[in-house]
Amino acid sequence: MKGVAISRESLFGMMQAYKVTSLLKTAVSMGVFDHLAAGPASADTVARGLGCAPRGMRILLNALAAVGLAEERDGHYALPPGAEPLLVSGSPAYLGDMVKVMSSDWEWDALKRLDDAVRRGGTVMEVHAETPGYEYWEDFAAYAVAVARPTADVVADALKSWASGRDTMDVLDVACGHGLYGLTLAQRNPQAQVWALDWPNVLTQVDRHADQAGVADRVHHVPGDMFEVPLGGPYDVILVTNVLHHFSEEKAGELLARLAPALRPDGKIVLVGFTLGDENPADDPAPHLFSILMLAWTFEGEVHSIEAYDRMLTRAGFTGGRRHDVPGLAFRVLVASRSE
Ligand SMILES: C[S@@+](CC[C@H](N)C(=O)[O-])C[C@H]1O[C@@H](n2cnc3c(N)ncnc32)[C@H](O)[C@@H]1O
């Protein structure tokens, strides 16, 4: 934090921060918060309910209480204020599954080798973010919907008036993951058809979300590598969300140039991602911490600046990029047209 001197306490906190992550991850995966949702309970009761050792549960619950993830009173443990909507499964605002994305073993394994990645200037992992069929992306596609929704709404809002006058709205969602960006456009625009491009193991999650969104009959698959797979088209909208940071500016630009001919002359390309501003890193830490993950997990990826995105778009044959911010989130939405 800017202007705050390093202290023994702050250093010890940083050294042990992973323990809090581990506690949260463990409590979610064991169903502790769901159990406490029924009301305050002793460690023995929770242990019996979840089929584990009373000693183990007592130590876990006390540690959860120590970091504010539970409350202890007279030997009984309860959910702390604010936990119910976010940490009890089945709640519409449930975020617990995001531990499989934000605190995944895959990321942790990559970060354990951060020093090697710093020396090499890129990942040293045999299995990394660009490995075809990587299982991590199945978890991401399954569970990251909750965080994608506000940004998908900003994208749909940004295209709303333009889309309303169109007879066709064929959408290519590149590296779609959960598919929420394309699915939201399909929900909002009855004429929309969505082609979801990703690795085959990820596309099964798109089908699940398309069913839930009631648009499964308008969703098609484009399985394969986005740098090689035939793209089909032409499309009215091409979505490229949260993936260009896997690559260098040059390689990301190559992908955009590959996509350009697949867009109808009056179509729109939409980019979404973290962007780097001019701020001091201490004033805008999120993109820098994300770039560390990209360093450990990709060969050349990092968070790009708005200027870099503009350069990529211009070189690939797009123009007039309009920027939309996502309230409360560090994502930016850029909507551009073909320059010819
Ligand atoms: C961070 S997720 C983004 C998902 C979604 N677009 C979003 O905005 O949340 C990156 C996605 O890119 C996909 N991906 C990465 N490299 C790919 C490639 N070469 N071809 C196809 N999909 C790829 C991954 O499988 C994953 O689903």
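Treat the numbers as computed from the prediction; the structure is a model and nothing was measured.

Calculation notes
- Residues numbered from 1 in each chain as written.
- Predicted model: local features only at pLDDT ≥ 70, side-chain atom pairs only at ≥ 80, totals over all residues.
- Near = placed C-beta within 6 Å.
- Nonpolar A, V, L, I, M, F, W, Y, C, P; charged D, E, K, R; others polar.
- Pairing = 2+ DSSP bridges.
- Helix = DSSP H or I, 4+ residues; strand = E, 2+ residues; numbered from the N terminus.
- Core = buried A, V, L, I, M, F, W, Y, C linked by C-beta atoms within 7 Å.
- Buried ≥ 20, exposed ≤ 12 C-beta atoms within 10 Å, placed from the backbone.
- Contact = placed C-beta atoms within 7 Å.

A. Representation of the site of the ligand within the structure. The local shell around the ligand holds 19 residues, among which Trp137, Ala175, Gly177, Thr241 and Asn242 are the closest. Broken down by class, the residue content of the shell around the ligand amounts to 13 nonpolar, 3 polar and 3 charged.

B. Examining the sheet that holds strand β3 (residues 76–78) more closely. Judged by pairing direction, the sheet is antiparallel, and its 3 strands sit side by side in the order β1-β3-β2 without closing on themselves. In the strand order of this sheet, the two ends are held by β1 (41–42) and β2 (71–73), each with one partner. Bridging between β2 and β3 involves 3 bridges; their strand directions are antiparallel. Looking across to β3, one finds that glutamate 72 is bridged to tyrosine 77.

C. Broad picture of the nonpolar core. Core analysis: the biggest nonpolar cluster contains 73 residues, and Val171 and Ile238 have the highest contact counts within it. Setting aside chain neighbours within four positions, we find valine 171 in contact with Gly182, Leu185, Ala192, Gln193, Val194, Trp195, Tyr235, Asp236, Val237 and Leu239. Core analysis: the second largest hydrophobic core is formed by 18 residues, Leu24, Val32, Leu36 and Leu64 among them.

D. View of the environment of arginine 166. Structurally, arginine 166 is set in the loop between α10 (145–164) and β4 (169–174). Sequence-wise, arginine 166 and asparagine 189 are 23 residues apart; in three dimensions their C-alpha atoms are separated by 9.6 Å. When neighbours within four sequence positions are excluded, arginine 166 is seen to be in contact with Gln191 and Asp236.

E. The pairing of strand β10 (residues 331–338), seen in detail. Relative to β10, strand β8 (residues 263–274) runs antiparallel, the two sharing 7 bridges. Residue lysine 268 lies in a different strand from β10, and its bridge partner there is serine 337. Here strand β9 (residues 318–325) pairs with β10 via 6 bridges, running antiparallel. Bridge pairing links arginine 323 to leucine 334 in β10.

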